[in-house]
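Examining the three-dimensional arrangement
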Amino acid sequence: MNYSLRQLRVFVTVAHARSFSRAGDIIGLSQSAVSHSVKELELQTGVRLLDRTTREVVLTEAGQQLAARLERLLDELNNTLRDAGRVGQQLSGTVRVAASQTISAHLIPQCIAQSNRLYPEIDFMLHDRPQQWVLESIRHGEVDFGIVIDPGPVSDLQCEEILEEPFFLLCRQDHAWATLQNIPWSALQDSRLVVQDYASGSRPLIDAALAQFGITATIVQEIGHPATLFPMVEAGIGISIMPALALPLPQGSQLCVKRLKPEIQRKIMLVQRKNRSLSGAAQALWDVVREQARCLTQAREEDPLFNQM
């Protein structure tokens, strides 16, 4: 049978109103449209549901049975749809978010704190992992969404840029460059560099920048966690190239940060599976992360380090 939900609702309304015109007024249809809908339902069921007279509409026995059962079924359907709507909009439960390590250490704590203030019924569960793990966990549905360094063209993911930031040079305070305001990339020729390994989304960008400026440097150490850059450089093992999000420097360190010119930027992205809807709770946390990134961008506008010429 090829009947529609609209036909069923019209029939139940007519059964209650016992009038095509009154039923039309209730559901916003003309009398002829109501009559036509009921006739179509009768044709599809193969049984007469209503006896029509000039004064009233009377349910047949089959019509009485159908109206009673349909009323219960339509009520259940309405309740089911309302429940589904509440589930989609509820701001509670656990939301799993994956982020690469620098992002986890220097952006996500503020996001979790703000989430706890705004949405105390949502548990913000962070997975702190290397970039490639984050991307795969998003693809496999192991997390609701992630925050990563721009992964480049990805056909199966939906990305939204939330932050753009420069790379800095990290050196000791007794380094020859410590008194300079800006360092040209070309000055890094033949330098000894301590950099993150390829688990980091920043490493391909650093390699590309070195290649762009024709720089040959010696990679003396490749490390996994960005915090390890600081003691390596402070120990005199080499200098480093680090993203702005790795700041601030450890308290009491003998290190300094210099702008690299021309400026090379990296982009931070919110990422989710393409064509997959976020739950209401996950969307709320997505918005929190976006807003915290915007606040960070505004704060940097007042920081001289980010506004040197």
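Residues numbered from 1 in each chain as written. Predicted model: local features only at pLDDT ≥ 70, side-chain atom pairs only at ≥ 80, totals over all residues. Heavy atoms only, no water.

The protein chain is annotated in an unreviewed UniProt entry as LysR family transcriptional regulator from Kluyvera intermedia. Among the UniProt annotations of the protein chain, the heading Sequence similarities (unreviewed entry) holds the following wording: "Belongs to the LysR transcriptional regulatory family." (UniProt positions renumbered as here; feature names shortened; annotations may be inferred.)

1. Some remarks on the overall build of the protein chain
Along the protein chain, the regular secondary structure elements total 10 helices and 12 strands. The C-alpha atoms of the protein chain give 32 Å as radius of gyration, which overshoots the globular expectation for 309 residues (19 Å, by more than 25%). Across its three principal directions, the C-alpha atoms of the protein chain cover 105 × 35 × 35 Å. When each of the 309 residues of the protein chain is scored for burial, the buried share is 42%. (Helix = DSSP H or I, 4+ residues; strand = E, 2+ residues; numbered from the N terminus. Rg over C-alpha atoms; globule rule 2.2 N^0.38 Å. Buried < 20%, exposed > 50% of the residue type's maximum accessible area, 1.4 Å probe, protein only.)

2. Topic: the environment of S186
With respect to the helices and strands, S186 occurs in the loop between β7 (182-184) and β8 (192-196). Spatially, the C-alpha atoms of S186 and K261 are 8.9 Å apart, while their sequence positions differ by 75 residues.

3. Describing the packing of aromatic side chains
Describing an aromatic ring pair means giving the distance of the ring centres and the angle of the ring planes. Counted by the stated rule, this structure contains three aromatic pairs. Judged by centre distance (5.5 Å) and plane angle (80 degrees), the rings of F168 and F306 are edge-to-face. With F168 in strand β6 (residues 157-172) and F306 in the segment after α10 (280-300), the pair connects residues that are 138 residues apart, well separated along the chain. Considering the side-chain rings of W185 and F213, the 5.7 Å spacing of their centres and the 20 degrees angle between planes classify their relative orientation as stacked. Taken together, the residues W185 in the loop between β7 and β8 and F213 in the loop between α8 (203-212) and β9 (218-223) connect sequence positions 28 residues apart. Residue W185 is classed as buried on the basis of its relative accessible area of 1%. With relative accessibility at 26%, the residue F213 sits in the partly exposed group. A cation over a ring is seen here: R129 above W133, with NZ or CZ 4.9 Å from the ring centre. (Phe/Tyr/Trp six-rings, centres within 6.5 Å; stacked < 30°, edge-to-face > 60°. Lys NZ or Arg CZ within 6 Å of the ring centre and 35° of its normal.)

4. Re empty space enclosed by the protein
Applying the stated rule across the entire model yields one cavity of 30 Å³ or more. Lining the largest cavity are 13 residues; nearest its centre among them are S100, Q101, T102, Q196 and S200. Across the lining of the largest cavity, the residue classes break down as four nonpolar, eight polar and one charged. (1 Å grid on protein atoms, 1.4 Å probe; cavity = no way out; pocket = protein on both sides within 12 Å on 5 of 7 lines; lining within 4 Å. Points joined across faces, edges and corners; volume = space filled by probe spheres on them. Nonpolar A, V, L, I, M, F, W, Y, C, P; charged D, E, K, R; others polar.)

5. Details of the state of the cysteines
Within the structure shown, the criterion is met by zero disulfides. Left unpaired, C111 is separated from the closest cysteine sulfur, that of C295, by 9.5 Å. Here C171 stays unpaired: no disulfide links it, and the sulfur of C256, its closest cysteine neighbor, is 3.5 Å away. For C171, a relative accessible area of 0% puts it in the buried group. (Disulfide = S-S within 2.5 Å.)

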